[in-house]
Amino acid sequence: MTDENNDRSTNVVWHEHRVAHEDRVQRLGQKPGILWFTGLSGSGKSTLADALEASLFEQGRLTYVLDGDNIRHGLNRDLGFTDEARVENIRRIGEVAKLFVDAGVIVLTAFISPFRADREIVRSLVEPDQFIEIHARAPLDVCEQRDPKGLYKKARAGEIPHFTGIDSPYEAPEDPELIVDTADHGLEACVAQISDALRERGMI
Ligand SMILES: Nc1ncnc2c1ncn2[C@@H]1O[C@H](COP(=O)(O)OS(=O)(=O)O)[C@@H](OP(=O)(O)O)[C@H]1O
Ligand SMILES: Nc1ncnc2c1ncn2[C@@H]1O[C@H](COP(=O)(O)OP(=O)(O)O)[C@@H](O)[C@H]1O
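Per chain, the residues get numbers from 1 upward, laid out in the order the sequence is written. Following the order in which they are written, the chains are lettered starting with A and the ligands numbered starting with 1. With pLDDT at 70 or above as the cut-off, local features in this predicted model cover only qualifying residues; side-chain atom pairs require 80 or more to be listed or tallied, and sums for whole chains, interfaces and linings still use all residues.

(A) Highlighting the overall build of the chain. A count of helical and extended segments in the chain gives nine helices and five strands. In this text, helices come from DSSP runs of H or I with a minimum length of four residues, and strands from runs of E with a minimum of two, each type numbered from the N-terminal end. What you see in the chain, going N to C, is helices and strands ordered as α-α-β-α-β-α-α-β-α-β-α-α-β-α. Both definitions apply: the radius of gyration is a C-alpha atom measure, and the globule rule equals 2.2 Å times residues to the power 0.38. Relative to the compact-globule value of 17 Å for 204 residues, the chain shows a C-alpha radius of gyration of 18 Å, a close match. Dimensions of the chain, computed from the C-alpha atoms along their principal axes, are close to 55 × 50 × 30 Å. A residue is called partly exposed when the number of other C-beta atoms within 10 Å of its own lies between 12 and 20, exposed at 12 or fewer, and buried at 20 or more, with C-beta atoms placed from the backbone. Here the chain holds 204 residues, and the buried ones make up 30% of them.

This is how it looks when you write it as structure tokens:
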């Protein structure tokens, strides 16, 4: 961080607003939180987040999906796929997700988020019961066979550098709240597994 940036943050003062988090939560009548999907490309993060959101929304909850591919078209369009860029990607998404939680929303995020430390930083931004880490787990060979966007094929051909699982690391969660084995179970079963777990935790 430059001296100029330090000076700038010193002169910024937090402003309290009259409408509090609790007021918004009460109005919405739901328990906000982050459902953080992590996993290899093609493991099922986007598909699961989409299906789970549809189900929660249908049940009357206010939800929002932050999806890597989409966010990288806008907010994070300046970021690539070096380790540093991925760290910054997840840092920004963590902050955005925190704002959604403050607004009272159930936010579902679908980012590879390959580094354990970055996911733990996001966890620390909200209350302990507001962060649910969900590992969309599928072996690399299954993800590669699925190859929904043809990216593994390109990566193997050397057309995409730093591709996760090939020449860029993925650190699987060590103690996530949930693991969904998308290679062994269909979409509906995985969504039901997550919904049951959320119910058990009193989140829905
Ligand atoms: N080099 C490389 N490695 C991995 N993925 C790549 C790469 N280049 C492009 N893509 C596409 O970008 C999506 C991953 O973006 P994320 O923001 O989720 O990545 S990260 O969390 O910062 O690691 C990822 O989406 P998913 O396949 O949905 O995971 C890919 O579509
Ligand atoms: N149980 C499952 N959960 C999620 N996706 C699954 C499952 N079984 C098969 N799939 C398929 O795997 C692919 C996952 O792609 P996608 O959701 O884009 O993954 P990611 O967002 O992790 O890159 C989709 O083609 C989806 O239909």
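(B) Summary view of the site of ligand 1. Near ligand 1 lie 22 residues; those nearest to it are Ser41, Gly68, Arg86, Phe111 and Ile112. Residue assignment for the shell around ligand 1 shows that the elements contributing at least two residues are α3 (45-58), α4 (68-71) and α5 (83-103). When residues of the shell around ligand 1 are assigned to their parent elements, the largest contribution, three residues, is made by α5. Polarity classes work like this: nonpolar for Ala, Val, Leu, Ile, Met, Phe, Trp, Tyr, Cys and Pro, charged for Asp, Glu, Lys and Arg, and polar for all others, with Gly in that last group. Class assignment of the residues belonging to the shell around ligand 1 gives a composition of eight nonpolar, nine polar and five charged. Each residue gets a C-beta atom placed from its backbone. If that atom is within 6 Å of a molecule or strand, the residue is near it.

(C) Just the site of ligand 2, in detail. In the neighbourhood of ligand 2, 18 residues make up the surrounding shell, with Gly44, Lys45, Ser46, Thr47 and Thr182 lying closest. When residues of the shell around ligand 2 are traced back to their parent elements, those giving at least two are α3 and α9 (187-200). For the shell around ligand 2, the residue count by class is six nonpolar, ten polar and two charged.

(D) The UniProt feature "binding site: ATP" (unreviewed entry) in the chain, seen in detail. UniProt positions are given in the numbering used here, feature names are shortened, and annotations may be inferred rather than shown by experiment. The feature "binding site: ATP" (unreviewed entry), as annotated in UniProt, sits at Gly39, Leu40, Ser41, Gly42, Ser43, Gly44, Lys45 and Ser46 in this numbering. Topologically, Gly39 is positioned in the loop between β1 (33-38) and α3. For Gly39, a count of 28 C-beta atoms within 10 Å translates into the label buried. Leave out the neighbours within four places in its chain, and Gly39 touches Gly44, Lys45, Ile112, His135, Ala136 and Arg137. Tracing the sequence through the fold places Lys45 in helix α3. We call two residues in contact if the C-beta atoms placed from their backbones are at most 7 Å apart.

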